[in-house]
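A look at the structure
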Amino acid sequence: YELVDDVAVPESRREVLFIEQPGIGHNGGRLVFDPEGNLFIGSGDGGASNGWDAQDTEKLLGAILRVRPRLDGDGYDIPDDNPFADGELDRPEVIARGFRNPWTFSIDDDTGDIWIGDVGNNTLEEVSVLPRSRWGANFGWPYFEGNNQRHGGEPDDIIPPVYDYSHDVGAAVMAGHVYRGDAIPALRGAFVFGDLTGPIWAIGADGVSRLDAERVAPLTGWAEGPDGELYALGFDGVFAFVQRP
C-alpha cells in the first residue's frame, strides 16, 4: 500500500502471495516483518485432508513461510538463506512445516527464536519454539497433536512443543512475545502467552506459571510496544496491559 497522511490507499494494493485453500478453516495467520524486509507468514493446514496437507511439500499449507516482497511490483523473491531456497526438498518459501494452525507467532529479537502458538484439534493446544539453527524442521502435525502421537511413521527431525495443555484448560492458544520490557522485571526473558478464553501464562527458566493478569476474553492476539511492553488484544478491541505476576 501507498500511504497518504498515514492512511493506506486501497487502489495501491498489490498481490504478494496467494495460497490456494482446500477448506474453509485454518487459513491465514500472523504476518511479521524482520529488519531486513523479509515477511514471515503463518499458514494453516487449510482445514481439509485431516491435516495431511501440512506434510505435503508441494503445498504452502501447515507451515511458516518467509519471503521478501518486491517493492516495485507484485510478487516476492526467496531469501538466499531460506533452508529450502533451492526448492529441492520442500517449497522454497517454507522455513518450517507440520503445523495445524500457527495462528500466532513472534520473533525474539534478542535470540532470533520464533515462538509459535499452534492451535490444536480435538484435545491439545501447543506452544513451540523454532531456533534459527533448526530452520527446515518439522513440527509433526498430524502425526502429533501436542505431545500426543496420533499416527505412526512420523518424519525425522520433528521438534516437539515446549508446552501443551488440554481443552479442559482452554480452547485456542494465542502466542505472545518474549518479554523485554522494564515495567515487570520478574517477567524479563519469559515468553508470555494466553488462550482465547482468557488465562495468561509465562514460560521462564523455572517452567510455566499462570499470571495474575487482567483477564481478556476472547483473547485474540498480542502486541509489543516499542519499549518492549506487552498488550493483550481482546475481540472487543480493548488493549490490556499485562499486569505484575
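Let me sum up the structure you'll find in this document. (Residues numbered from 1 in each chain as written. Predicted model: local features only at pLDDT ≥ 70, side-chain atom pairs only at ≥ 80, totals over all residues. Heavy atoms only, no water.)

Focus on the sheet that holds strand β14 (residues 173–178)
An order of β14-β15-β16-β17 is seen for the 4 strands of this open sheet, with the pairing classed as antiparallel. Since the sheet does not close on itself, it has two edges, and those belong to β14 and β17 (207–210), each with one partner. Taking each pair of neighbouring strands and ignoring which way they run, the sheet shows an average axis angle of 25 degrees. Where strand β15 (residues 191–195) meets strand β16 (residues 200–204), 4 bridges bridge the pair, whose relative direction is antiparallel. Within β16, the position partnered with G194 by the bridge is I200. (Pairing = 2+ DSSP bridges. Helix = DSSP H or I, 4+ residues; strand = E, 2+ residues; numbered from the N terminus. Axes fitted to C-alpha atoms, helices over the stretch in contact; angles between N-to-C directions.)

A few points about the sheet that holds strand β9 (residues 114–118)
Spatial ordering of the open sheet is given by β8-β9-β10-β13, a layout of 4 strands whose pairing is antiparallel. Taken across any chain shown, the strands that pair with only one partner, and hence form the sheet edges, are β8 (104–107) and β13 (163–166). Pairs of neighbouring strands in the sheet enclose a mean axial angle of 10 degrees, with direction left out of account. Pairing of β9 with strand β10 (residues 124–130), which is carried by 5 bridges, proceeds in the antiparallel orientation. Bridging from a neighbouring strand, G117 pairs with V127 of β10.

Quick look at the pairing of strand β5 (residues 63–69)
Here β5 lies mainly inside the structure; 6 of its 7 residues are buried. Taken together, the 5 bridges between strand β4 (residues 39–43) and β5 define a ladder with antiparallel strand orientation. Of the residues in β5, the one forming a bridge with S43 is A63. Two strands pair when backbone bridges link them, and β5 and strand β7 (residues 94–97) are joined in this way by 3 bridges, in the antiparallel orientation. Within β7, the residue paired with I64 across the bridge is A96. Counting the residues that bridge the hairpin from β5 to strand β6 (residues 76–77) gives 6 residues, and of these G75 lies at a positive phi of roughly 90 degrees. (Buried < 20%, exposed > 50% of the residue type's maximum accessible area, 1.4 Å probe, protein only.)

Here we look at unusual backbone geometry
Along the chain, W141 connects to P142 via a cis peptide bond; the corresponding omega equals 5 degrees. Relative to the assigned elements, P142 resides in the loop between β10 and β11 (144–145). Between A217 and the following residue, P218, the backbone shows a cis peptide bond with an omega angle of -5 degrees. Mapped onto the fold, P218 is located in the loop between β17 and β18 (219–224). Positioned with a positive phi, H26 is a non-glycine residue whose angle comes to about 60 degrees. Looking at where H26 falls in the secondary structure, it is placed in the loop between β2 (7–9) and β3 (28–33).

Section: the pattern of salt bridges
According to the stated counting rule, one finds 12 salt bridges in the structure shown. For K59, the salt bridge is made with D56, and the minimal N-O distance between the two is 3.7 Å. Taking relative accessible area as the criterion, D56 reaches 25% and is therefore assigned partly exposed. A salt bridge links R132 to D81; the shortest N-O distance between them is 3.3 Å. One end of the pair, R132, is in the loop between β10 and β11; the other, D81, is in the loop between β6 and β7, with 51 residues separating them in the sequence. Here R132 falls in the partly exposed class, since its relative accessible area comes to 36%. Given a relative accessible area of 39%, D81 falls into the partly exposed group. (Salt bridge = Lys/Arg side-chain N within 4 Å of Asp/Glu carboxyl O.)

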